[in-house]
Amino acid sequence: MRLLLSSQIARTLLSLSSRAMSSSSYKSLLREKAFVNGQWVNAANRESFPVYNPANGELVCKVPDMGAADATAAIAHAQVAFEAWRGKTPSQRAALLHSWERLIQDRCEDLAALMTLENGKPLAESRGEVAYGASFIRWFAEEGIRVTGQTLQGPTPDKRIFTLKQPQGVCGMITPWNFPAAMITRKAGAALAAGCTVVIKPAEDTPLTALALCQLAADALLPPGALNVVTCSRSRAAEVGRVLTTDPAVKHVSFTGSTDTGKLLLAQASSTVKRVTMELGGNAPFIVFDSADVDKAVAGLIQAKFRNTGQTCVCPNRIFLQRRVSQKFLAKLCERVAEMKVGDGFEVCWLLGCWGIASSAHGLMRKQFSTSNQGEFDKGSEGELHKRSEGGIAQAAGTQLGPLINAAAESKLERLLADAKQRGGRVLAGGQSVKVGSGAGHFFQPTVVSGLGRDSACFREEIFGPLVAAFEFDSEADVVELANDCRVGLAGYFYSADVGQCWRVAEQLNVGMVGVNESMVSSCIAPFGGWNESGLGSESGVGYGIEEYLNLKTVVLNLA
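Here the structure is a predicted model, which means the values were calculated and not measured.

Take the confidence of the model for the protein chain next. Summary statistics for the protein chain give a mean pLDDT of 89 and a share of 87% for residues scoring 70 or more. Within the model, the stretch residues 1–22 combines pLDDT values under 50 with 37 contacts to residues more than four positions away or in other chains. Contacts from residues 349–397, a stretch scored under 50 in pLDDT, to residues over four places away or in other chains number 110 contacts.

Following this line, the structure appears as structure tokens:
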């Protein structure tokens, strides 16, 4: 049954990918204006900036290059909308959010094509992100209904104490380019469900997905001013960010991005003592102990490291291999890496075992199968189907690694690789830029480097690309110390068959999320957040993500 199901998935995805490449229906979601107070608007200065396809450098379109005045106006509209939005019952808000989520699912193909166009990730991954992003809206719509306070016995017989949880107000959100849909829905879904309104500044590289989500929100009849998107170029990002972090009407700032930028935004937000949620940089350890199932560990690393061409905050960054299994692991890894294809994200490919294609398979293909097979997908919803697959990246004709987002990303990989070689690192696979098509894009081979020490730049810096940096270790105590030798702590992974070791190491790693014999740690169900300089607060999760956008109020009632 599993082999039959996998074959059916492959045929369906090949068909879907071919249709996406020949279809231009995504253009019905392409918007070239910002979205404020339910209207499509230009910048006050009438200026615009270009959005390029990172795979070929071609111009996609231009969008408004907004500034401080535009951001201030959007906040004012969101403040007016807040009074009405908070007055709706949680069930009323949930109904609108469910409508938005259904429209996102219905337009998955078009959203995915638009995302690949501006971000470059393989189309299969874009489909997966759409389904993954939609899951947050569905999740928080239901979480909002279940927000409750407490009733407490007072300190004297004539007093009662109860607590209320109420929406904070306007929320400013600054989102990254690597997940242009899911990072918006994870933040905005929680805030809207809590009764807040939002003003979003998407990354300048990927504003089109954000604007498409606004169109679908409008189609779902979200009221004007509840969801606003202010677009701007890199040159104006600082002034728009400063407005979002300092305007007194904004009560909460949520940011996903680098640690350095997060620190700057934190300092700015402190001027008005705003609530903040910060999901910042990572330097994730990936540990393989002697007792590990090496094949499973290799598949797990392929999944986590090369998703989105290694450009994710939870990517394994430092690969620690116990000496007895190091050579075996690296040999198997290099064999898999050599088979991976780099290219335009619109070339046909599929990833079986990745949360992305698993969740998109559930949403996109359930109509393709008989009732008997339907159950396999139902059990695998929310990206969990990968647990029942063989894992890893299944080989198919087409792209498995898309372009890096820009020239700076390519230059960084070249610098890290040069540093590794200078310090005695051995390049076992890859190690070069790749010319694809016209050569205007920025592509890099999946690369494996071994023999590194903690003095290497790969140990200290977040790589953010398809470069595997491998280190060897001797004992459990040694590797825990190595893994914790950094100032950030977002995610960590390890593979071991020793149950006691699984408990010990999971508790000792100084990170916010740990994958134990598992490389996919993010879902709408699980809290997502880091320790130390990786951020503040938690996004998503049972009872956590929505709490970030609620104020707690204590009421003392005198019965006398």
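Continuing now.
What follows concerns the sheet that holds strand β6 (residues 159–167). Strand order across the open sheet formed by three strands is β5-β6-β24, with antiparallel pairing between neighbours. Of all the strands in the sheet, just β5 (151–153) and β24 (550–558) have a single pairing partner and so form its edges. Between one strand and the next, the sheet's axes are offset by a mean angle of 25 degrees, whatever the strand orientation. Both β5 and β6 contribute to a ladder of three bridges, which runs antiparallel. Bridging across to β6, T151 finds its partner in F162.

Once that is clear, we can look at the sheet that holds strand β13 (residues 316–322). Spatial ordering of the open sheet is given by β14-β17-β18-β13-β12-β20-β21, a layout of seven strands whose pairing is mixed. Of all strands in the sheet, those bounded by a partner on one side alone are β14 (426–429) and β21 (513–516). This sheet shows a mean twist of 25 degrees between the axes of neighbouring strands, independent of strand direction. In the sheet, β13 pairs with strand β18 (residues 467–473) via five bridges, with the strands oriented parallel. Residue pairing for β18: I319 is matched across the bridge by A470. Contacting β12 (284–288), β13, β18 and β20 (491–495), helix α10 (residues 294–306) runs over the sheet at an angle of about 165 degrees to β13. The strands touched by helix α17 (residues 499–508) within the sheet are β20 and β21, with β20 carrying the most contacts at an inclination of about 165 degrees.

W100 and I104 are the most contacted members of the largest nonpolar core, which totals 64 residues. Residues in contact with W100, not counting those within four places in the same chain, are I137, L192, L213, L216, A217, A220, L222 and L227.

This brings us to the UniProt feature "active site" (unreviewed entry) in the protein chain. Under the present numbering, the feature "active site" (unreviewed entry) in UniProt falls on E279. Tracing the backbone through its elements, the reader meets E279 in strand β11 (residues 275–279). Given a relative accessible area of 2%, E279 falls into the buried group.

It is the contact of helix α8 (residues 234–246) with helix α9 (residues 259–269), at a shortest axis distance of 8 Å, that shows an interaxial angle of 45 degrees. It follows that α8 is oblique to α9 by the angle criterion. As for the relative orientation of α8 and α9, their crossing is right-handed in sense. Here G241, R242, T245 and T246 of α8 come into contact with α9, specifically with L265, Q268 and A269. Each residue belonging to the contact of α8 with α9 can be placed in one class, and the counts come to two nonpolar, four polar and one charged.

The next thing to look at is the packing of helix α3 (residues 90–106) against helix α7 (residues 207–219). Orientation of α3 relative to α7, taken along the N-to-C sense of each, is 125 degrees, at an axis distance of 8 Å. Here α3 is positioned oblique relative to α7, judged by the angle of their axes. For the element pair α3 and α7, the recorded crossing hand is right-handed. For the pair formed by α3 and α7, the contact residues are W100, L103 and I104 on the first element and L213, L216, A217 and D219 on the second. Of the residues that constitute the contact of α3 with α7, the class distribution is six nonpolar, no polar and one charged.

So, about helix α6 (residues 182–194). For α6, which comprises 13 residues, the first-to-last C-alpha distance of 18 Å matches the rise-based estimate of 18 Å (1.5 Å per residue) to within 8%. Within α6, 13 of the 13 residues are buried, which leaves the element mostly enclosed by the surrounding structure. Directly after α6, the chain includes G195, whose backbone phi takes a positive value near 105 degrees.

The next subject is empty space enclosed by the protein. If a probe the size of a water molecule is rolled over the atoms, the empty space left behind becomes visible. Under the defined criterion, the tally for this structure stands at four cavities of 30 Å³ or more. Lining the largest cavity are 11 residues, with Y132, F179, M183, S522 and F528 sitting closest to its centre. When residues of the lining of the largest cavity are assigned to domains, at least three map to each of domain 1 (23–280 + 541–553) and domain 2 (284–347 + 398–523).

For strand β3 (residues 48–52) and strand β4 (residues 59–64), the ladder comprises five bridges, and the chain directions are antiparallel. Looking across to β4, one finds that V51 is bridged to C61.

Let us now look at the side chain of T309. Here T309 lies in the loop between α10 and β13. Looking at T309, its side chain comes within polar contact range of the main-chain nitrogen of G402, at 3.1 Å. With residues up to four places along the chain from it excluded, the contact list for T309 reads L401, G402, P403, L404, G465 and P466.

Another point: the side chain of E518. Looking at where E518 falls in the secondary structure, it is placed in the loop between β21 and β22 (531–532). Overall, the relative accessible area of 17% leaves E518 in the buried class. At a separation of 2.8 Å, a polar atom in the side chain of E518 contacts the main-chain amide nitrogen of M520.

Along strand β10 (residues 250–256), six of the seven residues are buried, which leaves the element largely enclosed by surrounding structure. As defined by bridge partners, strand β7 (residues 170–174) adjoins β10 across five bridges and the pair is classed as parallel. Considered in β10, the bridge of V170 is made with V250. One ladder, built from five bridges, connects β10 with β11; its direction is parallel. Counterpart to H252 in the pairing with β11 is R275.

Rules behind the numbers
- Residues numbered from 1 in each chain as written.
- Predicted model: local features only at pLDDT ≥ 70, side-chain atom pairs only at ≥ 80, totals over all residues.
- Heavy atoms only, no water.
- pLDDT = per-residue confidence, 0-100.
- Contact = heavy atoms within 4.5 Å.
- Pairing = 2+ DSSP bridges.
- Helix = DSSP H or I, 4+ residues; strand = E, 2+ residues; numbered from the N terminus.
- Axes fitted to C-alpha atoms, helices over the stretch in contact; angles between N-to-C directions.
- Core = buried A, V, L, I, M, F, W, Y, C linked by side-chain atoms within 4.5 Å.
- Buried < 20%, exposed > 50% of the residue type's maximum accessible area, 1.4 Å probe, protein only.
- UniProt positions renumbered as here; feature names shortened; annotations may be inferred.
- Parallel < 35°, antiparallel > 145°, perpendicular 65-115°, else oblique.
- Left-handed = near helix turned anticlockwise from the far one by under 90°.
- Nonpolar A, V, L, I, M, F, W, Y, C, P; charged D, E, K, R; others polar.
- Expected span 1.5 Å × (residues − 1).
- 1 Å grid on protein atoms, 1.4 Å probe; cavity = no way out; pocket = protein on both sides within 12 Å on 5 of 7 lines; lining within 4 Å.
- Points joined across faces, edges and corners; volume = space filled by probe spheres on them.
- Domains from an automatic or database assignment.
- Polar contact = N/O pair within 3.5 Å; in protein donor to acceptor, adjacent residues only side chain to side chain.

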